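Single-letter residue listing:
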Amino acid sequence: MIWNHFPVGLNFSVADFSEETKRECWKLALSALAAVDAEQYAEMKLYDLCTEGAPASAEKEYVCILDHRHVTQSRVTLAAWKKMPALFAKLSLHFPFYQANALDPFAGYPLLAEVLTDGSLNRSETGKTLLPERLPEPLRPGEGRKVLIAGKVALTPLGWADSLKKSGETAAESGAEVSYLPYAEGGIGTTYAVGVARRGRFEWLESINTAGETAKILFAAVPNFTVIFDCASVLTPNGATVAPSRALGKAIRKLLDYGYWNMILPMADFTDTDGGEGLLEALSTAEDPEKIDPRLADTHFVILTADGSVPETGSAKRLKERGAEVVSAADALFEQLNLARRAADADEIRLTDGEADPIAQRLLAARANAKQ
């Protein structure tokens, strides 16, 4: 679909696409719309979109599309919505807003309604089941107090940061302006945490796992032509038929084929059983199995391990022998997640997983230094 005007999609992580779920999303979206001047929504048209399987997203996401008549309207409303805690805390963390270019690949949007200047909705037959007759009560703006919600990520049907979002919604109810700091400790989830912190682009890498199956592996492209993916994402719990290091080597080779030359490899949760031999096999040239792909000489690898030490055997050691930098995950993530700046900017920090792990401790230490 090619847009004639200026759509903005509000992206909600949802458990299902039931009418009840859609109505709840629209209630919040329309309350945010009601909080801006009527001239900003004059002749606006409303559509929706259901998406599944987007990289780094919830399993299902529902998008409320508000198609502005003029680009100036979209600029004003988008700026206002970002300052409404009750709305922003509910939106998808990795990709809260779709705008025209991001919506272009989709097609077949049903028209739900047109918003009239008096706040009433001229609804289509489809829209009558989802939308009220008029705009609801407006959302209030934030009070200015900044609360940072920080915690470990864990993949659920509602996305990597579901537990953080629940805590953030509670803070937003009091009017606090909520921001999120999802983190991991150098293993599974590190790709998501760094991708969000660095405002990277998430994509699927089609490679193989240790069961020998075609697998989609999440990776993030972040500034400075850098790519990151969790090495443990190639592992499968049972039925391994491919050496872990070979599956890892296949993924690295795919990224080389895509043109990435700077790679961050979180390996805290990754184990291999063949001393890295499969990695070398996967990265050898087709012409000479004894010769390693010459592109590796120009590729900069940063390997994240729990304590910064290099294992005596395995993939990390093989890559270190070819110039890879091995660093402590906590040290690297302190920089990648901008912990010092995030701690200084917050009026309050809420930790969803307590204070025991290294990232939480560094965040609190950075806050203490900032307040001195």
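If you're wondering where the values come from, they're calculated on a predicted model, not measured in any experiment.

Chemist: Where do I start with unusual backbone geometry in this structure?
Modeler: Negative phi is the rule for most residues except glycine; trans is the rule for most peptide bonds. Despite not being glycine, Ala56 has its phi angle at roughly 70 degrees, a positive value. Along the polypeptide, Ala56 turns up in the loop between β2 (45-52) and β3 (60-68). For Asn224, which is not glycine, the phi torsion reads 70 degrees and is therefore positive. Along the chain, Asn224 falls in the loop between β10 (214-222) and β11 (226-229). Since its relative accessible area comes to 59%, Asn224 is described here as exposed.

Chemist: Any chance you could explain the packing of aromatic side chains here in plain terms?
Modeler: What characterises a pair of aromatic rings is the spacing of the ring centres plus the angle enclosed by the ring planes. Here the structure, examined in full by the defined rule, presents six aromatic pairs. Considering the side-chain rings of Phe219 and Tyr258, the 6.4 Å spacing of their centres and the 45 degrees angle between planes classify their relative orientation as tilted. Here Phe219, found in strand β10, pairs with Tyr258, found in helix α8 (residues 244-258); they are 39 residues apart in sequence, far enough to count as distant. Each residue in the set Trp160, Tyr192 and Phe202 is aromatic and connected to the rest through ring pairs, giving one cluster.

Chemist: Explanation requested: the sheet that holds β11 in the structure shown.
Modeler: One open sheet accounts for six strands, arranged β9-β10-β11-β12-β13-β14; its pairing is mixed. Where the open sheet ends on each side, the last strands, each with one partner, are β9 (201-208) and β14 (325-328). Taken over all neighbouring pairs, the strand axes of this sheet differ in orientation by 30 degrees on average, direction set aside. Across the sheet, helix α7 (residues 190-197) touches β9, β10, β11, β12 (262-266) and β13 (300-305), and the angle it forms with β10 is around 30 degrees. The strands that helix α11 (residues 329-336) touches are β12, β13 and β14; relative to β14, the one it contacts most, it runs at about 85 degrees.

Chemist: Explanation requested: α8 in the structure shown.
Modeler: Side chains three or four residues apart in an α-helix point the same way, a direct result of the helix having 3.6 residues per turn. Taking 1.5 Å as the rise per residue, α8 with 15 residues should run 21 Å; its terminal C-alpha atoms sit 22 Å apart, in good agreement. What α8 keeps buried is the set Pro244, Ser245, Ala247, Leu248, Gly249, Ala251, Ile252, Leu255 and Leu256. Immediately beyond the C-terminal end of α8, within one or two residues, lies Gly259, with a positive phi of roughly 100 degrees.

Chemist: Before we go on, may I ask you to explain the nonpolar core in this structure?
Modeler: Where a protein is soluble and globular, its nonpolar side chains tend to be buried together. Formed by 46 residues in total, the largest nonpolar core has its most connected members in Tyr192, Leu337 and Leu363. No other element matches the five residues that α7 contributes to this core. Val14, Met44, Leu78 and Ala113 belong to the second-largest nonpolar core, a separate cluster that totals 33 residues.

Chemist: Help me understand the pairing of strand β8 (residues 177-183) in this model?
Modeler: If a strand is regular, its side chains alternate between the two faces of the sheet. In terms of burial, β8 is largely enclosed, as five of its seven residues are buried. As defined by bridge partners, strand β7 (residues 146-152) adjoins β8 across seven bridges and the pair is classed as parallel. In the sheet register, Ala150 faces β8, and the bridge partner there is Leu181. Handedness of the β7-helix α6 (residues 162-172)-β8 crossover: right-handed.

Criteria and thresholds
- Residues numbered from 1 in each chain as written.
- Predicted model: local features only at pLDDT ≥ 70, side-chain atom pairs only at ≥ 80, totals over all residues.
- Heavy atoms only, no water.
- Helix = DSSP H or I, 4+ residues; strand = E, 2+ residues; numbered from the N terminus.
- Buried < 20%, exposed > 50% of the residue type's maximum accessible area, 1.4 Å probe, protein only.
- Phe/Tyr/Trp six-rings, centres within 6.5 Å; stacked < 30°, edge-to-face > 60°.
- Pairing = 2+ DSSP bridges.
- Axes fitted to C-alpha atoms, helices over the stretch in contact; angles between N-to-C directions.
- Contact = heavy atoms within 4.5 Å.
- Expected span 1.5 Å × (residues − 1).
- Core = buried A, V, L, I, M, F, W, Y, C linked by side-chain atoms within 4.5 Å.
- Right-handed = clockwise from strand over helix to strand, strands pointing away.

By themselves, these observations are geometric and do not establish any function.
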